[in-house]
Each structure stands twice: as C-alpha cells, then as structure tokens.
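Tertiary structure, described
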Amino acid sequence: MVSEIKKSWHIATAKQMEALGATFASVITDSGVIFLHGPLGAGKTTWVRGFLHARGHTGAVKSPTYTLVESYLLADGLVHHFDLYRLGDPEELEYMGIRDYFSDDMLCLVEWPERGAGVIGRADIELTLSYRGSERELMVYATSEKGRKIILQMK
Ligand SMILES: Nc1ncnc2c1ncn2[C@@H]1O[C@H](COP(=O)(O)OP(=O)(O)OP(=O)(O)O)[C@@H](O)[C@H]1O
Ligand SMILES: [Mg+2]
C-alpha cells in the first residue's frame, strides 16, 4: 500500500481550512475517494465546504450526520459527501446501495470512514485533521497511485 505522508499544513482559522479545501478541489479534478479522519470539530466539514464552494456549489454545506450522505451535482460531475459518524451497522450502507456511490466515475468525500470499514473500500487520499491547541494540523497521505499523482501537484 502506498502510504507516505506527502505534506502537512498548520491551519490557524476555519477560513484557512476552507481555503485548503479549495486548493485540493483545484487538483482533484477526476473521480476518486477521499477519507477525512479526525475528532469531532476538527474541521472535516469545513474542509469539504471549501472544496464544494470551489467547485461551484453556492448553497450551504451541512454535515449529513443523519442522512449519511449529501450529493451535489456540480459542473464537473457528482460529488458525494458522507458522514458516517452515526452509522450503526455497516450493513445500513448495503441497504442504501453504497456500491453505486463508490463507482469508478464518482468523487466521494467521507467523514468518519472507519465506521464503514469493510463496506466502503479504499481511499485514494486520506486526510488526517488534528487539534493543535485551538488551531489545527492537516496531514495528507496518498493511498493509491491515483492519490499519489494528485498529491504531487499540491504546492
Ligand atoms: N483552524 C481551524 N480549522 C477548521 N475549523 C476551525 C478552525 N478553528 C476553529 N474552527 C472551528 O471548528 C469547527 C469545525 O467544525 P466542523 O464541522 O468542520 O468539524 P468536523 O471535523 O466536521 O466535525 P464532526 O466530526 O462533528 O463532523 C467549526 O466551528 C470551525 O469554525
Ligand atoms: Mg463534519
């Protein structure tokens, strides 16, 4: 498995986290699967908000805590934003037809991916967000060849 830390960022504010999500949106132009790890309130949804706004979404971006997934049809195609925090049993994902979401031409951004382990498959890129006092750190790992190529483009 390709699992190298390519880069990490120190992020002082939520605005900066959104800006970093937007920067990732400019290099993730294709389909793929991004996992977002990190504790409650670390900034995962904030990163996704920046990502989706950079892709042209103009409305609100709320964490799909109860619905598990929110899908956005944007100019570049479909983006699925998952939050699996409240997933009781990974089997629920089978009922919602998870394989259709994770098909090859989709872009999936997944918060709390560990809760769907065994059902949602592998990521191309894994982001890990952590608290640094009131600020945050974001580390990015490539977990596929496709992910490695994307991260190499990050400045
Ligand atoms: N440097 C920072 N980066 C990101 N968010 C920050 C930062 N500093 C403060 N915040 C605040 O922390 C909160 C992050 O919330 P967010 O919903 O993005 O977290 P989350 O990781 O998605 O949590 P959850 O696991 O509950 O879904 C927001 O209220 C945001 O304004
Ligand atoms: Mg969230």
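What this report covers is the structure whose coordinates are included nearby. Owing to the predicted nature of the structure, the values given are computational and were not obtained by experimental measurement. (Residues numbered from 1 in each chain as written. Chains lettered and ligands numbered in written order. Predicted model: local features only at pLDDT ≥ 70, side-chain atom pairs only at ≥ 80, totals over all residues.)

1. A look at the overall build of the protein
- The number of helices and strands found in the protein is five helices and seven strands.
- For the protein, whose C-alpha radius of gyration is 14 Å, the value lies close to the compact-globule estimate of 15 Å for 155 residues.
- Along the longest, intermediate and shortest principal axes, the C-alpha atoms of the protein span 40 × 30 × 30 Å.
- A total of 155 residues make up the protein; the buried ones form 37% of that total.
- Look at the contacts in the protein between residues 6 or more apart in sequence, and 67% of them connect residues 24 or more apart. (Helix = DSSP H or I, 4+ residues; strand = E, 2+ residues; numbered from the N terminus. Rg over C-alpha atoms; globule rule 2.2 N^0.38 Å. Buried ≥ 20, exposed ≤ 12 C-beta atoms within 10 Å, placed from the backbone. Contact = placed C-beta atoms within 7 Å.)

2. Some details on the nonpolar core
- The biggest cluster of nonpolar side chains holds 38 residues, and the ones touching the most others in it are Ile34, Leu36, Leu109, Val110, Ile125 and Leu127.
- Of all elements in the fold, only α1 (14–27), β2 (32–37), α2 (44–54), β4 (77–83), β5 (107–111), β6 (125–132), β7 (135–142) and α5 (145–152) reach the threshold of two or more residues within this core.
- In contact with leucine 36, other than residues within four places in its own chain, are Lys44, Trp47, Leu109, Val110, Glu111, Leu127 and Leu129. (Core = buried A, V, L, I, M, F, W, Y, C linked by C-beta atoms within 7 Å.)

3. Overview of the site of ligand 1
- Near ligand 1 you find 19 residues, and of these Ala14, Gly43, Lys44, Thr45 and Thr46 are the closest.
- For the shell around ligand 1, the secondary-structure elements that each account for two or more residues are α1, α2 and β7.
- The element best represented in the shell around ligand 1 is α2, accounting for three residues.
- Per-class residue counts for the shell around ligand 1 are seven nonpolar, seven polar and five charged. (Near = placed C-beta within 6 Å. Nonpolar A, V, L, I, M, F, W, Y, C, P; charged D, E, K, R; others polar.)

4. A few points about the environment of phenylalanine 51
- Following the sequence through the fold, phenylalanine 51 ends up in helix α2.
- C-beta crowding within 10 Å serves as the criterion here: with 26 such atoms nearby, phenylalanine 51 is assigned to the buried category.

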